[in-house]
Amino acid sequence: MWKRAAAGMAAAMMAVGILSGCSVVGAAPTIATDEETEAQSIPAGTAGTAKTEAEDTESTQVKSTEAGKKNRLEQIQERGYLEVATEPYFAPQEFIDPSKQGQEQYVGSDMELAKLIAKELGVELRIVPLEFSAVQTGVTEGKYDMAISALAYTPARAEAMELSNGYRFADSAVQYGLMVRNGDLENIRSADDLADRVVVCQSGSLQEMFAQEQIPACRELKRVSATTDGFLMVQEGKADAVVTEKATAQLYIDANSGCDMVIVPDFSFAVDESTQGTRIGMPKGEVELRDRVNEILAEVVESGIYDQWYEEYQDYARSLGLQ
């Protein structure tokens, strides 16, 4: 549910979004925006997995035709594959292992969950890597079957798509705050100190909602596709503060010694309990798919397997230099 803090954590920044002093190592593969084709959305090293324009058009036409006859769950089972959109820059939930190629390079606890859901549905899993805003748009427009990308609950998302029950809950409530340069900490102690400052947040995220609703005023609110990009903007002096999940910010600081950044102490944005818990997004109205996913998630939560995956992939991400 953190989201999204980690785009610049890409495969090769990937070698850190959690997501270099403090510059990011390497460069992130290109991820598609809403305006780009799916073929362009596949990062380097995944040749052979991208759809051609003709194939994409045909697939869209087939889905459109099927949509008038069957619900999404039936369509998935009939066609034999599940398309899951994700922003693969948010370790340990979804990230890229640059030593692998194709679908195998997308790893993380959310990717294990996607595999499990596909297995339970009896179909193949196809991961579609996108920018976070495109993940949400793609699902709300029905282009993809699911968004499994550390989604948090927001009222706007609940109106735009079907949201599953929560499947990952932190031991304590997740806290959101501000990260600034050390030199600005004396003057930025809370959201009330941002009237003459440039603030950055991830577009379409819970953090953006906090910025809009709980920051009284700021000189400018900038939006980026990934929280890690926001970290870099503050680090490089292009913004004064980034709205962030605190644990994600701390991971960035720990992974980038010398970045001269700090989380503003003794300040947190107010969090509604309804925002807690990571969710899966599905096209609006697809209640059969949502209900089946919730059945699978109930077993996942009861078994505790997701928390095990989460811990395993934290170690995995650290081995790649991502945390």
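Refer to the structure printed above.
Residues numbered from 1 in each chain as written. Predicted model: local features only at pLDDT ≥ 70, side-chain atom pairs only at ≥ 80, totals over all residues. Heavy atoms only, no water.

### Observations concerning the overall build of the protein
Logical step 1: Looking only at helices and strands, one finds eleven helices and twelve strands in the protein.
Logical step 2: For the protein, the exposed surface amounts to about 13200 Å²; the carbon and sulfur share of it is 45%. (Helix = DSSP H or I, 4+ residues; strand = E, 2+ residues; numbered from the N terminus. Areas by Shrake-Rupley, 256 points an atom, 1.4 Å probe, with all protein chains shown as cover.)

### Some points on the packing of helix α3 (residues 72–79) against helix α10 (residues 287–303)
Logical step 1: The interhelical angle for the contact between α3 and α10, taken along N-to-C directions, is 75°, at an axis separation of 6 Å. Classed by the angle they form, the pair α3 and α10 counts as roughly perpendicular. Between α3, through R72, L73 and I76, and α10, the contact on the second element is made entirely by E288, L289 and R292. (Axes fitted to C-alpha atoms, helices over the stretch in contact; angles between N-to-C directions. Parallel < 35°, antiparallel > 145°, perpendicular 65-115°, else oblique. Contact = heavy atoms within 4.5 Å.)

### Remarks on the sheet that holds strand β7 (residues 176–181)
Logical step 1: Spatially, five strands are ordered β9-β8-β10-β7-β11 in an open sheet, and the strand pairing comes out mixed. Bordering the open sheet on either side are β9 (220–224) and β11 (261–263), each of which pairs with just one other strand. The sheet shows a mean angle of 30° between the axes of neighbouring strands, direction not considered.
Logical step 2: Bridging between strand β8 (residues 198–202) and strand β10 (residues 241–245) involves two bridges; their strand directions are parallel. Directly across from V199, in β10, lies its bridge partner A241. (Pairing = 2+ DSSP bridges.)

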